[in-house]
Amino acid sequence: MLLPCALHSLLCALSCAWWLHGGAASRLKSPSLPIQPETEPLPFKGTSGCSFGGRFYSLEDKWHPDLGEPFGIMHCVQCHCEPQKSRRGKVSGKVNCKNIKQDCPALDCDNPVQLAGHCCKTCLQGGKKQIDSVLNTFDYFRRKSKEREEELHKSYNDRSYLSSEDVGPGESRTDFVAVLTGLKDLWLPSSSGVARVRFTLTRSSLTFSITYQRMGRPTKIAFLDSDGTPAFEYRVPKGDSDMICGVWKNVAEPLLRQLQSEQMHISMSTGQRDEVEGRIIKHRALFAETFSSILTSEEENSAMGGIAMLTLSDTENNLHFILILQGLIQHRDRDPILVPIRVQLLYRQHILREIRANITSHDPDFAEVLTDLNSRELFWLSRGQLEIAVAAEGQDPRQISGFITGRKSCDTIQSVMSSSDALIPGKTGGVGSAIFNLHDNGTLQYQVQVAGLTNDVVSLTIELKPRRRNKRSVLYDLTPEFSKATGQAIGSWSRLEARHIHMLLQNELFINVATAHSQEGELRGQIKALPYSGLEAPRHELPTPLAGHFVSPPVRTGASGHAWVSVDRHCHLHYEILVAGLSQTDDLTVNARLHGLAEIGELDDSTHMRLLTGFYGSKAQGVLKDISVELLKHLDQGTAFIQVSTKLNPRGEIRGRVHVPNNCEFGTRSEAEEEEEELEDFLSKDPEELKKDPHTCFFENQHYPHGSSWTPNYDKCFSCICQKRTVICDPVICPALTCSRTIKPEGKCCPICDERKELKDVKAPERVDEHPEGCYFEGDQKMHAPGTTWHPFVPPFGYIKCAVCSCKGSTGEVHCEKVTCPMLTCSHPVRRHPTDCCKVCPQEERTTAALEHSDMMQADSPRYCKFGKNYYHNSDSWHPWVPLFGEMKCINCWCDHGVTKCQRKQCPLLTCSNITRTEGSCCPECLDDKEEDDMVMKAPDKRQTWRHH
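Residues numbered from 1 in each chain as written. Predicted model: local features only at pLDDT ≥ 70, side-chain atom pairs only at ≥ 80, totals over all residues. Heavy atoms only, no water.

A. Highlighting the pairing of strand S20 (residues 386-392). Summarising burial for S20: seven of the seven residues are buried, a large majority. Burial along S20 is two-sided: Leu386, Ile388, Val390 and Ala392 and Glu387, Ala389 and Ala391, pointing in opposite directions, are all buried. Direction of pairing for strand S17 (residues 338-347) relative to S20: antiparallel, over a ladder of seven bridges. Bridging across to S20, Leu346 finds its partner in Glu387. As defined by bridge partners, S20 adjoins strand S21 (residues 398-403) across six bridges and the pair is classed as antiparallel. Its bridge partner lying in S21, Ala389 is registered against Ser401. (Buried < 20%, exposed > 50% of the residue type's maximum accessible area, 1.4 Å probe, protein only. Helix = DSSP H or I, 4+ residues; strand = E, 2+ residues; numbered from the N terminus. Pairing = 2+ DSSP bridges.)

B. Looking closely at the sheet that holds S21. Strand order in the open sheet made by the four strands is S18-S17-S20-S21, with antiparallel pairing throughout. A single partner strand is all that each edge strand has here, and the edge strands are strand S18 (350-360) and S21. Sheet twist, expressed as the average angle between the axes of neighbouring strands with direction ignored, equals 20°. (Axes fitted to C-alpha atoms, helices over the stretch in contact; angles between N-to-C directions.)

C. Seen up close, the state of the cysteines. Tallied over the full model, the rule gives 15 disulfides. In this model, Cys104 is linked to Cys120 through a disulfide, with the two sulfur atoms separated by 1.9 Å. Its torsion about the S-S bond being -80°, the disulfide of Cys104 and Cys120 is classed as left-handed. Pair noted here: Cys104 is in the loop between strand S5 (91-99) and helix H3 (124-151) and Cys120 is in the loop between S5 and H3, with a separation of 16 residues, a long-range link. On the basis of relative accessibility, which here comes to 23%, the residue Cys104 falls in the partly exposed class. (Disulfide = S-S within 2.5 Å.)

D. Representation of the pattern of salt bridges within the structure. A full pass over the atoms with the stated rule returns 18 salt bridges. Notably, a salt bridge pairs Arg356 with Glu393, separated by 2.5 Å at the nearest N-O pair. Taken together, the residues span a long stretch of sequence, with Arg356 in strand S18 and Glu393 in the loop between S20 and S21 at a distance of 37 residues. Under the relative-accessibility criterion, Glu393 is labelled partly exposed at 25%. Across the salt bridge formed by Arg472 and Glu520, the nearest N and O atoms sit 4.0 Å from each other. You can see Arg472 sitting in the loop between strand S26 (457-464) and strand S27 (473-477) and its partner Glu520 sitting in the loop between strand S30 (509-515) and strand S31 (523-530), a full 48 residues away along the chain. Note on Glu520: relative accessible area 33%, which makes it partly exposed. A single salt-bridge network, built from bridges that share partners, covers Arg173, Asp175, Arg196, Arg198 and Glu289. (Salt bridge = Lys/Arg side-chain N within 4 Å of Asp/Glu carboxyl O.)

E. Representation of the sheet that holds strand S60 (residues 899-904). Read across the sheet, three strands follow the order S56-S59-S60 without closing on themselves; strand pairing throughout is antiparallel. What marks the edges here is a single partner per strand, and that holds for strand S56 (877-878) and S60.

Right, dumping it as C-alpha cells:
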C-alpha cells in the first residue's frame, strides 16, 4: 500500500513545509506521471478555505483526517480550518490538527468499551444509549411510513402525505427563487430580458431551473457572493430549449451561509452583451405554487420585469397569487413612498378582473386573491390563455405582463407502480412505470409501461386519491392507448382542467393498473415530481422497469422500481433509481447493484457485480467512473442488469435489463483525455466568445484560451503557453547525445544521432511503412521523428530536464522516463545550473563512507525512501510515526526501491468466545489465554524482570 496523500497533508499541515517525498518539488521533476486531480472540484477563485488530503474544506470546518489504507480515519485527531488574515486584509485558511485523546473524560465504570468510530472509551450503559439512539432514528422512518399509510384515506385536501418527500437524515431541502432583469447602466443600453430561476438546495448541492423571455439563449451564468465576486460560473450548453437546467456541487460553507441569509446574486449573459441579474431569496409561495408567469415589458431596454406565483384554493375556485416586481417602480429617494398599481386579468386583451392597490417603493411585492373564478376563466387558465398585467400608475406609467401557465421546472413528473401500493396490497412481482410532460396549453403527454403482471390488463387509469377505502375516482382512461404487445401506453390528455393541473403539480394524482384477477387494481403509484439532480440521465425516455418478475428465479414481491441509466462521453455511468413498495420495517437499507452478464441466465456469477450505492427512502443516484471494458460492453449489448437487493432478498428483490449503447470499447477515459477534449471544445468556440474570457491571451494577432500551448510563428524552436492572460515562451531544450556523429534534420530543432552516416538511413524502412510521420506528443503538440529523444514540455512548468521522451518508430508510441542521477560520494554536491536535473560534485571530492544526507536529497535516485523527516535505505522497515498520534506499532512500512509502502498487521482469526484487547496491543486475544499468560508472569522466573510497555 503506497503512502496515502492525506498522510502527506497531515504532516505538511503540522510542519508547514513540503519536506515529504512527492511534494511540489517532486511533482516538478516527474512530468511523465499524470497530475492527479482533487477528488472534489476546487472552489472558484476568491473562495477561502483549506485543501487537505485531496479535499477542500471551508473556513471553520472541522474533521477527522482520513489517511487511507492501511491507516484509516484518525478519530483521535481533529483538524480545523482556521481563518488567517494577511497584512492586506485577505482571509485565507490554515489547517491546524490536534490530538483530542487527552480531552477524553474520566470514566467510573469497570469495563469501558471502545466503540467503532470513536476516540474515547465509553461505559457500556452509555454505549447502549448511543446504539438505542441509532435504532430510534430507524424507528422514526418506520413511524413516518405508518403515518403515510394512515394518511392515504384522508381527504385530498390534506397534503401532509402527498407533499412530503422521502429524504434521509441530513437530506433537508430548501427552495429559493430569483427574478433577473436588465441592469441600469449609464454607458450601455439595458436589457429587456427577464428570467426566473428556481433553486433547490440539498446538502451542499444547489440545482437550478431557469426560464427566460425577451432575450437570446444565455451562454454563461454566474453566482455572485455578497461582495459581487463570482463564486461559481456555469457555461450553458448549446440548444434551442427555453429551459436551462444545471447544478452547483459542493457549495462552500461560507457561501451556503450567504445563500441562506439571501446575500447572493445570480447573473446571466448572452453573447450579445445582453445581461440580467437578480438576488436569490427564499419565498413562502414556492411550496404551494402550481401556476406561474414571467412578466415582461414591450419597451426596448426597459430593465424591468417580474414574476407571478399562483395557486388554486383546495376547495374553492379562488386563484391566489404573489407578484415579485423589479424595476417597475422608479423611486430613488431614501424614504419609501406609496405607489398606486393596477393588476388586471386579461383574455385576448379583454379585462376579466381588475385590482387597484398601493405598494411601497422599497418593497414592491404584492399578494392578492381572485375569488370565484367561473368555468370559462378556469378553462382559459388550463389552456395557458389568461394573461396577468401589472401597471404602475402616476407620473411615469409603466406596465409589465405575461401569460399564466403550469409551473415550469427541470423536475420530472413520473410514477412507479407497485402491487404493494395497490388499494388491496399484494405481492405479484409486477411493475409499472410512467413519465409525463405538461405543456403550456394544458396538454399532458404520457408514456406508461407495465411488466410481470399476473394477467391481462383490463384498465389503465389516472385517478384521484380515494375519499374512502376502495372507492376509486377515475379522471382519465388510458386503456384505449394501451398495447398488449408492447405493454405500453403512449399518448396525450388534452382536456386537463385547471384543478387537475393544480393537483398534478401538487403530487395529488395516482395511476392505477387493473387486471382480470385484480379488478380494483394490481398496480398503483403516486404521480409526483422527481427533483432535478444534475445527472446526465435521459429522463425524457422511459426508464428501465425493475421487478421481482425479472429476478431468476422470480420473486413474488410487492416492490418495484425504475431506473434511468446513461454513459457520458467520458464513459462514466450516470444512474438514478427509484423504488416503491419496499418494506421499510424489514429492509431499512437497500443496495443497488449493476450486473454485467455474458449470458442472462448466469445470475449466480458475482464476478461482474458492481455496488453502486446504498440508500434510504426510495431513491438512489450517482456516477460510477471506474468501469471495466467488459461491463461497458455488456451495457452496449443490452446484457447488463440493474438489481436492487434487500435484507429479505439478498440475491435480488427486483431487477431490470439495461441497454445503453456507447462507444467505450477502450474503457473509461483518463482525466488527461477528458481535459484534452474540454480544451478542444473550448478552442472550437466562437472567436468572439474567446475574446470575452478574462483569462484569454492575445499573441501574434490571435487569441488563445488559458492553459493552451502552441508553437509561435517567430521561431519554431520555441513553445508558448497561456497562463491567465500571460504568454510564456521557452526555447526547446535538446537532450544530450552520446553518439560520435550527429545531424540536424531539416525543420527540426534538435540534432539526432547519425548512426548510418546518411540522413536517409535514419528512418528504418519498416518504420516508414508503419509510422512515416513519427510520434505526436501532447505536451508540446508536435510530431517527433522515429528514434528521436527530447525533454518533455509540460504546461505550465515548461521543459522538464529531469525526464526524457523517445519516439518508438515501430509503434508510434511516446515513451517518457525519469532521468536516473548517478550516485555521488562527495559531501557537498551542487547543481551547475538551476535548470539541471542532477547534482554533481564540484571537485574530485570522493568518500567511501556511507551515503550522506545531502546525497539522499536527490529526488531522482530510486534507491532510497523519505518518510517524514527520515531517510531509509532500500528494504529498510519501520513503524510509521504520525504527528499528534505517535508511533503506530500496528503498521509496518518498508522501502521498496524508492517507494514507501505500508501495511497493517494481519491478526489471526480467533475461535474463542471471550475476546479482549489489551492496551497497546494490535490484535484481540482470547481471554482464557491471557489469564494463563498472567499466571506465568507471576511465577518466580528470570523472565519476570523483562517487560514490554
